[in-house]
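Architecture at a glance
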Amino acid sequence: MALDPQTMREPLEIKQQKRGDLVAEAIKRLITEGNLLPGDRLPREIELQQMFAVSKSTIREALKSLEVQGLIKVSTGPSGGGMVVEVPLERTFQLMQNYLFFKEVSIDDIYTVRQLLEPELAAGAVPHLTEDDFAALENNMSCCSPASHDRSELLRQRQADVDFHDILAAANPNSFLRFTCELVNEMIRQLIVFGNETPRKEHEKFGTANVNIHRQITDAARAGDVERVRSLMQFHMQEARTYIKRMNGKLRGRLILDSDIADMQQRVRSQSGAAASVPVKTARAPRKTAAKVAAKVATKAGVKARVKAVAKKAPAKPVATTRATPRKKG
């Protein structure tokens, strides 16, 4: 295809990154190449200023950007600064839903994904379930039994049904499968709504069917029958899709607010009981051994030395563009 001569004569506009963005990218590089783990601290603001030769406001802008992304947590005070954290699921869900807000996603789309993933998730969790996990599954089934006639309580139970799947997810050692299923589960809790005309009996039928199949899955998991768990979960996903469509369930398109994230975090904290030890058991990043911690404490430079060593590898050209113009004396 021939290029338009008029277009070729017009200069192309090359957008230059802001200083804060450049510094945020450089700090990401330090975290990656310095192999920093959740809990490791970044150098203090004044040290980052010296490292990148930029102003305090530029450093704070970069740190705020990384905090919004969920990569670090910033504290104030003399000993304050940035600390590397594990990106929370809630923040990831918010970003994913903001992306999907502009896409066409249906109930069928979601349950097509669940029907593929949930059976494997449950089957893979079976060998790793503990007594605490089974206690959490039992507690979930007792909470979701449709004994209440209050409509708001029935709606809450439909959301709590999904917690059963999160307990299984936490026990599965496949971190990517677990992450994907947890995101889908959060989408179901936050975005699926039922019409006001949905009869109470339909909610009760759906709740009873969920508890019954959850009971069968739990019993099969206790017996260590991986194939039966996989088969039951496959049936469960087909049945759930049928019920939701029959109850006129819809996916509401909306952007997830920060207040929604706070609600999610509160719900997760309130659920931490019998299964509180499960996420630790399946930690995404290995915890440091006592020897490594002792060695780190014994080295005065600590994380700072690792970060500075990596900083030397950072390309000089982008950093040079972030230097503030010195003020003229007088």
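About the criteria used
- Residues numbered from 1 in each chain as written.
- Predicted model: local features only at pLDDT ≥ 70, side-chain atom pairs only at ≥ 80, totals over all residues.
- Heavy atoms only, no water.
- 1 Å grid on protein atoms, 1.4 Å probe; cavity = no way out; pocket = protein on both sides within 12 Å on 5 of 7 lines; lining within 4 Å.
- Points joined across faces, edges and corners; volume = space filled by probe spheres on them.
- Helix = DSSP H or I, 4+ residues; strand = E, 2+ residues; numbered from the N terminus.
- Nonpolar A, V, L, I, M, F, W, Y, C, P; charged D, E, K, R; others polar.
- Expected span 1.5 Å × (residues − 1).
- Buried < 20%, exposed > 50% of the residue type's maximum accessible area, 1.4 Å probe, protein only.
- Phe/Tyr/Trp six-rings, centres within 6.5 Å; stacked < 30°, edge-to-face > 60°.
- pLDDT = per-residue confidence, 0-100.
- Contact = heavy atoms within 4.5 Å.
- Axes fitted to C-alpha atoms, helices over the stretch in contact; angles between N-to-C directions.
- Parallel < 35°, antiparallel > 145°, perpendicular 65-115°, else oblique.
- Left-handed = near helix turned anticlockwise from the far one by under 90°.
- Salt bridge = Lys/Arg side-chain N within 4 Å of Asp/Glu carboxyl O.
- Disulfide = S-S within 2.5 Å.

1. With respect to empty space enclosed by the protein
- Evaluation of the coordinates by the stated rule reveals one cavity of 30 Å³ or more.
- The calculated volume of the largest cavity comes to roughly 30 Å³.
- As for the largest cavity, its lining consists of V113, R114, L117, E118, C181, V184 and N185.
- Contributing elements (two or more residues each) for the lining of the largest cavity: helix 6 (107-125) and helix 9 (175-191).
- Per element, the largest residue contribution to the lining of the largest cavity is four residues, and it comes from helix 6.
- Of the residues assigned to the lining of the largest cavity, the class counts are four nonpolar, one polar and two charged.

2. Looking at helix 6
- Taking 1.5 Å of rise per residue, the 19 residues of helix 6 would be expected to cover 27 Å, and the 26 Å separating its terminal C-alpha atoms lies within 8% of that figure.
- Taken together, the buried positions of helix 6 are occupied by I107, I110, Y111, R114, Q115, E118, P119, L121, A122, A123 and A125.

3. Details of the packing of aromatic side chains
- In total, this model carries three aromatic pairs according to the counting rule given.
- Ring centres 5.0 Å apart and planes at 85° place the aromatic pair F101 and F102 in the edge-to-face group.
- Between F176 and F179, the aromatic rings sit 6.5 Å apart at their centres with planes inclined by 35°, giving tilted as the arrangement. Here the residue F176 and the residue F179 both occupy positions in helix 9, the gap between them amounting to three residues, near one helical turn.

4. Considering the confidence of the model for the protein
- Taken as a whole, the protein shows an average pLDDT of 78; of its residues, 72% reach a score of 70 or greater.
- Throughout residues 273-308 the model reports pLDDT below 50, and contacts reaching past four residues in sequence, or to other chains, amount to 41 contacts.

5. Quick look at the packing of helix 3 (residues 45-52) against helix 4 (residues 56-68)
- At their nearest, the axes of helix 3 and helix 4 sit 9 Å apart, and the two run at 105° to each other. The orientation of helix 3 with respect to helix 4, classified from their angle, is roughly perpendicular. Of the residues in helix 4, those touching helix 3 at E45, L48, Q49 and F52 are K56, I59, R60 and L63.
- Residues belonging to the contact of helix 3 with helix 4 are distributed by class as follows: four nonpolar, one polar and three charged.

6. Brief notes about the packing of helix 5 (residues 89-100) against helix 9
- Interaxial distance between helix 5 and helix 9 falls to 10 Å at its minimum, and their mutual angle equals 70°. When the axis of helix 5 is compared with that of helix 9, the two are roughly perpendicular. Of the two possible hands of crossing, helix 5 and helix 9 adopt the one that is right-handed. Contact residues: L89, T92, F93, M96, Q97 and L100 in helix 5; F179, E182, L183, E186, M187, Q190 and L191 in helix 9.
- Among the residues forming the contact of helix 5 with helix 9, the class breakdown is eight nonpolar, three polar and two charged.

7. Comments concerning the pattern of salt bridges
- Taken as a whole, this structure holds 19 salt bridges when the rule is applied.
- For the salt bridge of E25 with K28, the shortest nitrogen-to-oxygen distance reads 3.9 Å. You can see E25 and its partner K28 sitting in helix 2 (residues 19-33), three residues apart, about one turn around the helix.
- For K28, a relative accessible area of 26% puts it in the partly exposed group.
- R241 serves as the salt-bridge partner of D108, at 3.0 Å between the closest nitrogen and oxygen. Taken together, the residues span a long stretch of sequence, with D108 in helix 6 and R241 in helix 11 (residues 226-246) at a distance of 133 residues.
- For D108, a relative accessible area of 30% puts it in the partly exposed group.
- In this structure R241 comes out as buried when scored by relative accessible area, which is 18%.
- Through salt bridges with shared partners, a single ionic network connects D163, D166, E186 and R189.

8. A few points about the side chain of N140
- You can see N140 is positioned in helix 7 (residues 131-143).
- For N140, a relative accessible area of 6% translates into the label buried.
- Apart from residues lying up to four places away in sequence, N140 is in contact with A160, D161, D163, F164, I167 and H214.

9. Let's talk about the state of the cysteines
- Under the criterion given, the structure shown has zero disulfides.
- In this structure C144 is not part of a disulfide, and its nearest cysteine sulfur, from C143, lies 6.4 Å away.
- For C144, a relative accessible area of 1% translates into the label buried.

10. Focus on unusual backbone geometry
- Even without being a glycine, N35 presents a positive backbone phi close to 55°.
- Looking at the secondary structure, you find N35 in the loop between helix 2 and helix 3.
- Assessed through its relative accessible area of 53%, N35 is described here as exposed.
- Phi at A53 takes a positive value of approximately 55°, unusual for a residue other than glycine.
- Mapped onto the secondary structure, A53 falls in the loop between helix 3 and helix 4.

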